[in-house]
Amino acid sequence: MAAMTSSARPLLNRRLAEFGTTIFAEMSALAASTGAINLGQGFPDTDGPEEVREAAVRALRDGRGNQYPPGPGVPELRTAIADHQLRRYGIALDPDREVLVTAGATEAIAAALLALVEPGDEVIALEPYYDSYAACIAMAGGTRVPVTLRPRTEEGERRFVLDLDELRAAVTPRTRLILLNTPHNPTGTVLTRAELTAVAELACERDLLVVTDEVYEHLVFDGEHVPLATLEGMRERTLTIGSAGKTFSFTGWKVGWATGAPELVAAVRSAKQFLTYVASGPFQYAVAEALRLPDAYTDGMRDDLRAKRDLLSEGLAAAGFAVYRPAGTYFVTTDIRPLGAELSHGGDGFAFCRALPERCGVVAIPNAVFYDHRDAGAPFVRFAFCKRESVLEEAVSRLKALAG
């Protein structure tokens, strides 16, 4: 059979032409080929609670979820999600009308944008942003408008900060929604109550929807997590996205959810039904049990990751990086320029990350892939610390080579 060719038109939809193979695939392949420690892709190297894993096995054996589960998600999980939001944040949800289970948070984001955005609509996203945001906005025919989180040093601590004036200036008559992420990947910033209140006031004033990605809600080390939906005027205009993968360390199960007002959830469900329709049947029952674990579980996980954050952050600082110690998530962003022009490849994060596995036996991710303004992200590199302590200690030992 002859190869299919076309001289007039590329095969890939032009909306996706700018998106090639993800940097995660490239760097993970580099880790495998060099035997380097992979601190690039954000997945734990150990499983979550044994009782949750056994709950999945029990569901499989009992025949729960082995066939198509209900489109919105199994009732047990939707009820558990509603109970979690009420217990943690005081948000009362109707599990039948205001909760939608998805194939991970990634599908929730895709379904939300496909449902809520029309061609020509503008979507504001905090830059740097998770790479699927840009692709999903493009698939929906929207125009992404990045608002850049700026690096700043305050009281001796480095962090990335939202410029509220820049956010306000980004809103135009074509703006449909703000896509918010807090705790923020990749910078580790946790937006404060004051910052979120300003976002809420802007959304109400300009009649905007907000899709808020809160998958790292339980991984806050400094400060507090404030769900946007709890702020005045935001209950009816906020779609909140959560995930079991980040909270319970079962990223392969792909169980996420979207919650919000009935009209918002119904719109997202209309798009979601034509994506996966349903997914992860037996795992939904297991996640329902996981969400009922006592707070001691999430407190212990947070404390363990805080210690790992400090271990890696201190090791990176000793190796010569400028470290932005994260307030949340399980990623730490660094500036490579203090390493010197030669080691940092002139502050080129791509070149640095591609050379790092051979130089030190460690893989990281260049933050520039998360920016429209590539120059703004060029010198920043992200490391994941959701790994075993022994792995992080070995990575720190290898990175000492950069300090001579």
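Worth saying up front: this structure is predicted, and the values here are computed from it rather than measured. (Residues numbered from 1 in each chain as written. Predicted model: local features only at pLDDT ≥ 70, side-chain atom pairs only at ≥ 80, totals over all residues. Heavy atoms only, no water.)

Attention now moves to the packing of helix α11 (residues 295–319) against helix α14 (residues 389–399). Viewed as axis vectors pointing N to C, α11 and α14 meet at an angle of 5°, and their least axial separation amounts to 9 Å. Classified by the angle between their axes, α11 and α14 sit roughly parallel to one another. On α14, the residues that touch Lys 308, Leu 311, Leu 312, Gly 315, Leu 316 and Ala 319 of α11 are Glu 389, Leu 392, Glu 393, Val 396 and Leu 399. For the contact of α11 with α14, a count of residues per class yields seven nonpolar, one polar and three charged. (Axes fitted to C-alpha atoms, helices over the stretch in contact; angles between N-to-C directions. Helix = DSSP H or I, 4+ residues; strand = E, 2+ residues; numbered from the N terminus. Parallel < 35°, antiparallel > 145°, perpendicular 65-115°, else oblique. Contact = heavy atoms within 4.5 Å. Nonpolar A, V, L, I, M, F, W, Y, C, P; charged D, E, K, R; others polar.)

Now for the sheet that holds strand β10 (residues 256–259). Across the sheet, which stays open at both edges, the seven strands sit in the order β2-β10-β9-β8-β7-β3-β4 with mixed pairing between neighbours. In this open sheet, the two edge strands, each paired with only one partner strand, are β2 (99–102) and β4 (143–148). On average, each strand axis in the sheet is tilted by 20° relative to the strand beside it, whichever way the strands run. Pairing of strand β8 (residues 209–213) with strand β9 (residues 238–243) involves four bridges; the strand directions are parallel. (Pairing = 2+ DSSP bridges.)

What follows is about the sheet that holds strand β11 (residues 322–324). Strand order across the open sheet formed by four strands is β11-β12-β15-β14, with antiparallel pairing between neighbours. Bordering the open sheet on either side are β11 and β14 (365–366), each of which pairs with just one other strand. Both β14 and strand β15 (residues 380–384) contribute to a ladder of two bridges, which runs antiparallel. Across the sheet, residue Pro 366 finds its bridge partner in β15, namely Val 381. Lying on the sheet, α11 is in contact with β11, β12 (331–335) and β15; it crosses β12 at an angle near 15°.

Applying the stated criterion across every chain, the model contains 29 salt bridges. Among the ionic pairs, Arg 144 bridges to Glu 18, the shortest N-O distance being 2.8 Å. Here Arg 144, found in strand β4, pairs with Glu 18, found in the segment before α1 (23–34); they are 126 residues apart in sequence, far enough to count as distant. For Glu 154, the salt bridge goes to Arg 152, with nearest N and O atoms at 3.6 Å. One continuous salt-bridge network, built from bridges that share partners, spans Asp 222, Arg 309, Asp 310 and Arg 325. (Salt bridge = Lys/Arg side-chain N within 4 Å of Asp/Glu carboxyl O.)

For the rest of this paragraph, the subject is the packing of aromatic side chains. Counted according to the given criterion, the structure contains 15 aromatic pairs. Ring geometry for Phe 160 versus Tyr 324: centroids 4.7 Å apart, planes at 45°, classification tilted. Of the two residues, Phe 160 sits in strand β6 (residues 157–161) while Tyr 324 sits in strand β11, which places them 164 residues apart along the sequence. Taken as a pair, Phe 160 and Tyr 324 share a single burial class, namely buried. Judged by centre distance (4.6 Å) and plane angle (10°), the rings of Trp 253 and Phe 283 are stacked. Placement of Trp 253 in the loop between α8 (244–248) and β10 and of Phe 283 in helix α10 (residues 281–290) is noted, with a sequence separation of 30 residues between them. Joined through ring pairs, the aromatic side chains of Phe 160, Tyr 324 and Phe 380 make up one cluster. Above the plane of the ring of Tyr 285 lies Arg 64, whose end atom (NZ or CZ) is 4.9 Å from the centre. Over the aromatic face of Phe 331 sits the side chain of Arg 382, whose NZ or CZ is 3.7 Å from the ring centroid. (Phe/Tyr/Trp six-rings, centres within 6.5 Å; stacked < 30°, edge-to-face > 60°. Buried < 20%, exposed > 50% of the residue type's maximum accessible area, 1.4 Å probe, protein only. Lys NZ or Arg CZ within 6 Å of the ring centre and 35° of its normal.)

Okay, the UniProt feature "domain: Aminotransferase class I/classII large" (unreviewed entry) in the protein next. Mapped onto this numbering, the UniProt entry annotates "domain: Aminotransferase class I/classII large" (unreviewed entry) at residues 36–399. For residues 36–399, the helix share is 41%, the strand share is 18%, and the end-to-end C-alpha distance is 11 Å. (UniProt positions renumbered as here; feature names shortened; annotations may be inferred.)

Right, let's get into the nonpolar core. Membership of the largest hydrophobic core comes to 73 residues, with the highest contact counts inside it found for Phe 321 and Phe 383. Residue contributions to this core peak at eight residues, all from helix α4 (residues 104–116). Not counting residues within four places of it along the chain, the set of residues in contact with Phe 383 comprises Leu 39, Leu 312, Leu 316, Phe 321, Tyr 330, Phe 331, Val 332, Thr 334, Leu 356, Val 362, Ala 364 and Leu 399. (Core = buried A, V, L, I, M, F, W, Y, C linked by side-chain atoms within 4.5 Å.)

Per the counting criterion, the structure on display carries zero disulfides. Take Cys 360: it sits in no disulfide, and the sulfur closest to it among the cysteines is that of Cys 353, at 11 Å. (Disulfide = S-S within 2.5 Å.)

Computed from the structure, the largest pocket encloses a volume of approximately 1,000 Å³. For the lining of the largest pocket, the secondary-structure elements that each account for two or more residues are α1, α4, α5 (131–139), α8 and α12 (349–360). Element by element, the count of residues in the lining of the largest pocket is highest for α5, at five residues. When grouped by side-chain class, the residues that make up the lining of the largest pocket number 20 nonpolar, 13 polar and eleven charged. Forming the walls of the second largest pocket are 20 residues, and the residues nearest its centre are Arg 159, Val 190, Asp 222, Arg 325 and Ala 327. Residues that form the lining of the second largest pocket fall into these classes: six nonpolar, five polar and nine charged. (1 Å grid on protein atoms, 1.4 Å probe; cavity = no way out; pocket = protein on both sides within 12 Å on 5 of 7 lines; lining within 4 Å. Points joined across faces, edges and corners; volume = space filled by probe spheres on them.)

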